[in-house]
Amino acid sequence: MNETSLFSAAFLTALFSSGVRQSIPLIYGSVGDTVSERSGVMGISLEGEMLFGAFFAYLFALRSGSLWVGVLMGAVAGMLSSLIVAVWSVLFRQDQSIVGIMFNILATGFTNFLNRMIFGTSNANISIDTFQPIAIPGLSKIPVVGEIFFNQDILAYLSVVLAAAVFFVLRRTKLGLQLGAVGENPRAAQAAGIPVYRVRVLSYMFCGFAAGVAGASLTLSTVGTFTEAISAGRGFICLAIVILSRWNPLTALVASFGFGSIQALQIRLQVQGSALPYQVFVALPYLITVLVLALAGHNIRAPRELGVPFEKESR
Amino acid sequence: MKRIFSLAMALVLTLGLMTACGSSGDTTSSNGSSAESGAAAGERTTVTKIAVLLPGSITDESWNQTAYEGLQQIEAMGYETAYTENVGSNDMEAVFRSYCEDGFDFVIGHGAQYGDACCRVAVDYPDVNFFITGNAPEDVPAEELPENIMFADYRECEGAYVCGVVAGLMTESGKVGYVGGGNNTTQQSDKNAFIEGVASVNPEAEVKSVITGTFDDSALGKETAIAMMEEGVDVILQTCDHTGLGVLEACSENGIYCLGYTTDQSTLVSDGLCLTSMLIDIPTMISSQIDLIKAGGYGGQTFPGLHDGVVSMSAFSDKVPAEVAEQVNAIIDQIKSGELVITPNYSET
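The shown structure was predicted, so the numbers you read here are calculated from the model rather than taken from an experiment.

A. Geometry of the sheet that holds strand S12 (residues 311-313) of chain B. Residue and element names in this part refer to chain B. Pairing is mixed across the open sheet formed by 6 strands, whose spatial order is S7-S6-S8-S9-S10-S12. A single partner strand is all that each edge strand has here, and the edge strands are strand S7 (206-211) and S12. Each strand of the sheet is rotated relative to its neighbour by a mean of 15°, with strand direction disregarded. Where strand S9 (residues 257-262) meets strand S10 (residues 274-280), 4 bridges bridge the pair, whose relative direction is parallel. By the bridge assignment for S10, Gly260 is matched with Ser277.

B. Highlighting the pairing of strand S3 (residues 106-109) of chain B. Residue and element names in this part refer to chain B. Judged by which residues are buried, S3 turns out to be covered on both faces: Phe106 and Ile108 on one side and Val107 and Gly109 on the other are all buried. The sheet contact formed by strand S1 (residues 49-53) and S3 spans 4 bridges and is parallel. Looking across to S3, one finds that Ala51 is bridged to Val107. Two elements, S3 and strand S4 (residues 129-132), share 4 bridges in a ladder whose sense is parallel. When the sheet's bridge partners are listed, Phe106 is paired in S4 with Asn129. Crossover connection from S3 via helix H4 (residues 115-122) to parallel S4: handedness right-handed.

C. Examining the packing of aromatic side chains more closely. Following the criterion strictly, the structure yields 22 aromatic pairs over all chains and no others. Ring centres 5.9 Å apart and planes at 45° place the aromatic pair Phe52(A) and Phe110(A) in the tilted group. Of this pair, Phe52(A) sits in helix H3 (residues 46-64) while Phe110(A) sits in helix H5 (residues 96-119), and the two are 58 residues apart along the sequence. Take Phe52(A): its relative accessible area is 6%, and that puts it in the buried class. Measuring from centroid to centroid gives 5.5 Å for Tyr58(A) and Phe119(A), while their planes differ by 45°, and the two rings are tilted. In this pair, Tyr58(A) is assigned in helix H3 and Phe119(A) in helix H5, connecting sequence segments 61 residues apart. Tyr58(A) sits in the buried class, given a relative accessible area of 0%. Three or more aromatic residues link up through ring pairs in this structure, and these residues are Phe52(A), Phe55(A), Phe56(A), Tyr58(A), Phe60(A), Phe103(A), Phe110(A), Phe113(A), Phe119(A) and Phe226(A). In this structure, Lys49(B) is placed above the aromatic ring of Phe104(B), and the distance from its NZ or CZ to the ring centre is 4.7 Å.

Criteria and cut-off values
- Residues numbered from 1 in each chain as written.
- Chains lettered and ligands numbered in written order.
- Predicted model: local features only at pLDDT ≥ 70, side-chain atom pairs only at ≥ 80, totals over all residues.
- Heavy atoms only, no water.
- Pairing = 2+ DSSP bridges.
- Helix = DSSP H or I, 4+ residues; strand = E, 2+ residues; numbered from the N terminus.
- Axes fitted to C-alpha atoms, helices over the stretch in contact; angles between N-to-C directions.
- Buried < 20%, exposed > 50% of the residue type's maximum accessible area, 1.4 Å probe, protein only.
- Right-handed = clockwise from strand over helix to strand, strands pointing away.
- Phe/Tyr/Trp six-rings, centres within 6.5 Å; stacked < 30°, edge-to-face > 60°.
- Lys NZ or Arg CZ within 6 Å of the ring centre and 35° of its normal.

Given below as structure tokens:
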């Protein structure tokens, strides 16, 4: 292994730029899930909503010729598909994990089905031009940091805006307070006149919207085409990130960046060459997530009524 | 107390998972010597219903899609066919059994990883023929393999070796890359043969290799290729289906040479950057089994490769100079004639 190149500015720049790129879907997903979990609904189905988002974003971007139409339709697809889960788990009060898992299986099959129906078994050569990096004037000239954070594509910048906006809403607005109340003590919230079901359904739809954008970022800013099961487990990583970041969207932003960077690092360590079996590297991002949870997670407190269906009439 | 117990349980389970993911280590295999260990001829000479178990999805433009094409050829001959996609290790045995129970009399496991499960199932269904598109399990002696299974230990590594030769001759930076998907024997022998091929023509060249651990994550494939380019890699071979499509995308975008896998992938990459693809004629490999079954005494092991056309190379792109093409073709001829023997090397490092 070449020790000197591991810590050179060029290496670090490349490493963390890749980390930022790989964290984009995670940021959207975990920020969305933060909102829905604050209101008491777990986003187990994030993975499936990402898939819907990824497929429809690609389809509409290809047909309309506009990446923005793609992103929008991906987000709408994520939101509409999340409605299925919201209705089942909030209004019909079914177990959120079971509904979520069922939905993920449905999403895999359904997006594969649509993909083959529309494109046959061969769409890999119908690729579209992806979002290109936009250098922010001035800031992008800062050595190392400029290249890493200020020379990314538009979805990267928007993810930061989204995380900040959600942080502000949750901390500083009446809406955020209501959302938290619904997740902590829905009975009291209901007594205070907050429409519990409506808040939960809407916050879950927001989660679907964000997951849709996460999927769109995979097809429209990374790969340029849809490949089946493209979400590849990222939805589940988002769930871990939300817990790790203690339901704080800005911490989730940082944690996503951390995960993306470790993923980027493990690839680069393999490229550098090592005698260790590759499984060690592939498992590295997940091992570190588990370790951080184990070490720093002793007093994590979830929203009290997270995952518990709320019944209006019961007492 | 309860908490400590559950923590301990979690630890044990995690460790169990980790060891399960680990590998079986080196095994010395005596392939090539015991060709066609034909079993005693049973009755099994009729075929009516055929099923395939696939490790991935039929849209990967690669490994799984070609098997699907093979199945379609069989269907066109008038047979009833079925397939199941994404059959992972925990489902293999159940899917094999359910096809046998449903009256399928020829069941195909597409990949060496299906060998173990197939051996367990095959003994219970002696009237059914099985076919594995990969080598037989290494820990089972050849004479103990169920006689109703045919293993096609096809020499994909010969194609990988040729890819290595092309990469070794075409690299300008002296650095080439290999992106693999996981650790089955085929993938390992691909990687090792590629490294051998590079070294045979360009001993100075360095091979950077990454195993992504997934055949489905095209985004990760693309980032992997980018990480290689940062290190100066200028030719990449990928053998990982959907993940590989991301690699091709990155090569196409950044003007780096790549080598295709299983099907002619040159249409997926712009400007002729896909120098050549190693083709595995899986459709024919699968559809030709029907005649073998009808001939009777089906089962044993075969070792098809470049010499019988199961493995071949697609036409070179216009980026490959004539003298390079000539040199590569000479090596292909040497392998075909048996002058140069590429032994599959399943070791992991």
